[in-house]
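So the chains spell out like this:
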Amino acid sequence: MLINKIIFYTTGHNGDIHYSREFIKDIIKKIPNITYEYHFNSSVKLLKDISSLSVKPFDLWHIYKNHFVYDSNTNIFYINTWIGSDYSDDGSGRYGCCLKSNYFMYKKIFDILGLT
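Anyway, here's the lowdown on the structure attached to this text. Source: prediction; values computed, not measured.

1. A few points about the packing of helix α1 (residues 14–30) against helix α2 (residues 99–113)
Okay, step 1: Between α1 and α2, the least distance of the axes is 10 Å, while the angle of their chain directions is 20 degrees. Put simply, α1 runs roughly parallel to α2. In this structure, α1 crosses over α2, and the sense of that crossing is right-handed. Counting all contacts with α1, which are made through Y19, S20, F23, I24, D26, I27 and K30, the residues of α2 involved are L99, N102, Y103, Y106, I109, F110 and L113.
Okay, step 2: Taken together, the residues of the contact of α1 with α2 break down into 10 nonpolar, 2 polar and 2 charged.

Structure below.
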């Protein structure tokens, strides 16, 4: 899959942004030379230290329930970073809203991106 841009998104709030930031920084480091955006409705100040990440207001209501969306026409890969989106295979929510759930979710994201 050819990716020109990754757009992270969440309908969550400050905690979701806080939990996701280090995972996103790692993805940016491991996949350089593409464009990155994060769509959410919290303060843009939460991510101002990640210079390679553009921040946009959340406007992706047409895909917000999906874990991933790949648009082959634009080569944009959308990644849902809301921990409440339940990345478990059995719909159990696995561990609830905690760091362990974030590790579980990002393991799936990293696998799809081919990252360790």
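More follows now that the structure is in view.
2. What to know about unusual backbone geometry
Okay, step 1: Here N33, not a glycine, exhibits a phi torsion of approximately 65 degrees, which is positive.
Okay, step 2: If you trace the backbone, N33 turns up in the loop between α1 and β2 (35–40).

Each value, and the rule that gives it
Residues numbered from 1 in each chain as written. Predicted model: local features only at pLDDT ≥ 70, side-chain atom pairs only at ≥ 80, totals over all residues. Heavy atoms only, no water. Axes fitted to C-alpha atoms, helices over the stretch in contact; angles between N-to-C directions. Helix = DSSP H or I, 4+ residues; strand = E, 2+ residues; numbered from the N terminus. Parallel < 35°, antiparallel > 145°, perpendicular 65-115°, else oblique. Left-handed = near helix turned anticlockwise from the far one by under 90°. Contact = heavy atoms within 4.5 Å. Nonpolar A, V, L, I, M, F, W, Y, C, P; charged D, E, K, R; others polar.

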